[in-house]
Amino acid sequence: MDQAMIDRLAAAPVAAGKLLIGGEWVKGAGETPVLSPIDGKQLTTIAAASADDVARACASGRAAFEDGRWSRMAPAARKAVLHRLADLIEKHATELAVLGVRDNGTEISMALKAEPGSAAGTFRYYAEAIDKVYGEVAPTASNVLGLIHREPVGVVGAIVPWNFPLMIGAWKIAPALATGNSVVLKPAETASLSLLRLAALALEAGVPPGVFNVVTGPGRVTGEALALSNDVDVLVFTGSGATGRRLLQYSAQSNLKRCYLELGGKSPNVVFADAPDLSAAAKAAATAIFRNAGQVCVAGSRLLVEALVHDAFVDELATATRKMAVGNPLKLDTQVGAVNSLTQLEGNLGFVADATREGGEIVTGGSRALEETGGYYMDPTIVTGVRPEHRLYREEVFGPVLAVTPFADEAEALRLANASDFGLAAGVWTANLSRAHRMVRGIRSGVVHVNTYGGADVTVPLSGVKQSGNGADKSLHALEKYTDLKTAWIQL
Ligand code: NAD
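Some details on the domain arrangement of the protein chain
What the domain assignment lists for the protein chain is domain 1 (3-263 + 469-491) and domain 2 (268-457). The centre of domain 1, based on its C-alpha atoms, is set 30 Å off from the matching centre of domain 2. Across the boundary between the two partners, domain 1 contributes 27 residues, which contact 28 residues of domain 2. At the boundary of domain 1 with domain 2, total buried surface from both sides reaches about 2200 Å², with 56% on carbon and sulfur atoms. Ranking the residues of domain 1 by area buried against domain 2 places Ile 38, Glu 107 and Trp 162 at the top, with a combined share of 27%. One can count 1 salt bridge joining domain 1 with domain 2. For Asp 7, the salt bridge is made with Lys 331, and the minimal N-O distance between the two is 3.3 Å. Between the two partners, domain 1 and domain 2, sit 17 residue pairs in polar contact (both at pLDDT 80 or more). Secondary structure elements with two or more residues in the side of domain 1 that touches domain 2: helix H1 (3-11), helix H4 (93-104) and helix H5 (108-129). Take the side of domain 1 that touches domain 2: its biggest share by element is 5 residues, from H4.

Below, the structure written as structure tokens:
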């Protein structure tokens, strides 16, 4: 990828965002300024959808679903449309990635792979699944035929966060559309631009009007209206636990819509002294927490290190961390981009202040960086001596702050790993195969990485346990969220 092309795309003005309702781009009741985390300046505005705007979007999704323009289209025809969308995402990949970085701040080298690259692959995966997933015939008595149909649920409301808008958006939109549903998408206020562009590409690919609607705006207005809508049959969400709790209440206050919540994490990355390559583990531990400035749901944010190698390991980790280039996320050599917003940055610094008050020791980082740019940057921060009762051990920062804790043996490692309300991801570094399997079985989380951290693809589910949520994104398992089972019981 060529820096000049990125710079050219990044210099283009960004038009004010509109809402997509019934296949038309329309103004919302209000508008919200979009600040760039790169320099703190206003980049553009997005529409702020009111409850009435959201009601119109949901009604258009409902009408499209009922008349069958998409829900009853032949699977092979739907598949062709979603493949065309994947083609268009690939064709516009750099443009999509740059646009996304301008409002969310992810380093471009990562955004190129994790955003359009991943989204196109996700649309292809579910496009291919459409005509390969069959219903079932039940093993009934011979005078009866029991058929189990999988039917689309109707209108899917999707509310997504700002850290990987295209990737996470595609994890919801692709399986929902593939199974014949209509979608009303609500992007995060600080990461709407690339998803609005994706919606334009969806229309161009031939997704019929009304099938895919986008409402932007504040969570407490636009998101709340979507979650309270009686026209939404299933709500899929990725974001914080606090918002997840509210969504369950909105469901109870409205039509008892099913809610699937992909929430936060405080994932343990456990390093044993017998790891096959401790240097590789130290470098991986740094990227596991610091890529995308720590704004990764599966970030390895609690590093547990066997006491025998703790000090040497932390030294190597700190050296690798100090070498990471923090800066303008639109530069190809940047390794740690911007924090998404000033509020988020201030929250990160608050965690560091509390950690030192509670007895943690800052090994490197701990401060705001590059303040003169006006952007929101933070030095990657390592805090040692963090105990399970400390705030930094218990709460998700969602920023570039790593908590380090030593352990004496495998039993203590497992106990510390599970000492969390969350259960999203984990890492284990050991050359001992039996220990690796014991840890995989023992750790309560949706994924356990062994001798690596991160990097799962669309073929495997991402699914939290405990307060990290429920329901799987990715893989064929995700289709279950977007379909209802219907039995036909036929007397022969
Ligand atoms: P957030 O909960 O603040 O916002 C997420 C979305 O919810 C946004 O679109 C927001 O506008 C909307 N929202 C906020 N309040 C709402 C309300 N009252 N009603 C309806 N919608 C509302 O989360 P965030 O700060 O954007 O994202 C970070 C969080 O997401 C972290 O906790 C992170 O771990 C989590 N996350 C989880 C996964 C996963 O797969 N488990 C992936 C990425 C991020």
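Concerning the state of the cysteines
Summed over the entire model, instances satisfying the criterion amount to 0 disulfides. Considering cysteine sulfurs only, Cys 58 is the nearest to Cys 259, which forms no disulfide, with 13 Å between them.

Observations regarding the packing of H5 against helix H6 (residues 165-178)
Direction vectors running N to C along H5 and H6 enclose 10°, while the axes themselves pass 8 Å from each other. Comparing the axis directions of H5 and H6 gives the class roughly parallel. Here the hand of the crossing between H5 and H6 comes out right-handed. Residue-level inspection shows Ala 114, Glu 115, Pro 116, Ser 118, Ala 119, Thr 122, Phe 123 and Tyr 126 of H5 in contact with H6, the latter providing Pro 165, Leu 166, Met 167, Ala 170, Trp 171, Ile 173, Ala 174, Pro 175 and Ala 178. Residue composition of the contact of H5 with H6, by class: 14 nonpolar, 2 polar and 1 charged.

Analysis parameters
What you see as residue numbers is a count from 1 along each chain, following the sequence as written. Per-residue local features are limited, in this predicted model, to residues with pLDDT of at least 70; the limit for side-chain atom pairs, both in listing and counting, is 80 or more; totals at the level of whole chains, interfaces and linings are taken over all residues. Note that the side-chain values use all heavy atoms of the structure and ignore hydrogens as well as water. Note that domain bounds follow an automatic or database assignment of domains. Two residues form a contact once any of their heavy atoms are found within 4.5 Å. By convention, the term buried area covers the 1.4 Å-probe accessible surface removed from two parts as they join, with the contributions of both added. Think of a salt bridge as a Lys or Arg side-chain nitrogen and an Asp or Glu carboxyl oxygen that are within 4 Å of each other. N or O atoms closer than or at 3.5 Å make up a polar contact, with two conditions inside protein: a donor-capable atom paired with an acceptor-capable one, and, for residues adjacent in sequence, both atoms drawn from side chains. Only runs of H or I of at least four residues qualify as helices and only runs of E of at least two qualify as strands under DSSP, and these elements are numbered from the N terminus. A pair of cysteine sulfur atoms is labelled a disulfide when the two atoms are within 2.5 Å. Here an axis means a line fitted to C-alpha atoms, over the contact stretch when the element is a helix, while the angle between two N-to-C directions is reported on a 0 to 180 degree scale. Oblique is the label for any angle not covered by the other classes, which are roughly parallel (under 35 degrees), roughly antiparallel (over 145) and roughly perpendicular (65 to 115). Whether a crossing is left-handed or right-handed is set by the direction in which the near helix is turned from the far one by less than a right angle, anticlockwise for left-handed and clockwise for right-handed. Under the scheme applied, nonpolar residues are Ala, Val, Leu, Ile, Met, Phe, Trp, Tyr, Cys and Pro; charged residues are Asp, Glu, Lys and Arg; polar residues are all the others, including Gly.

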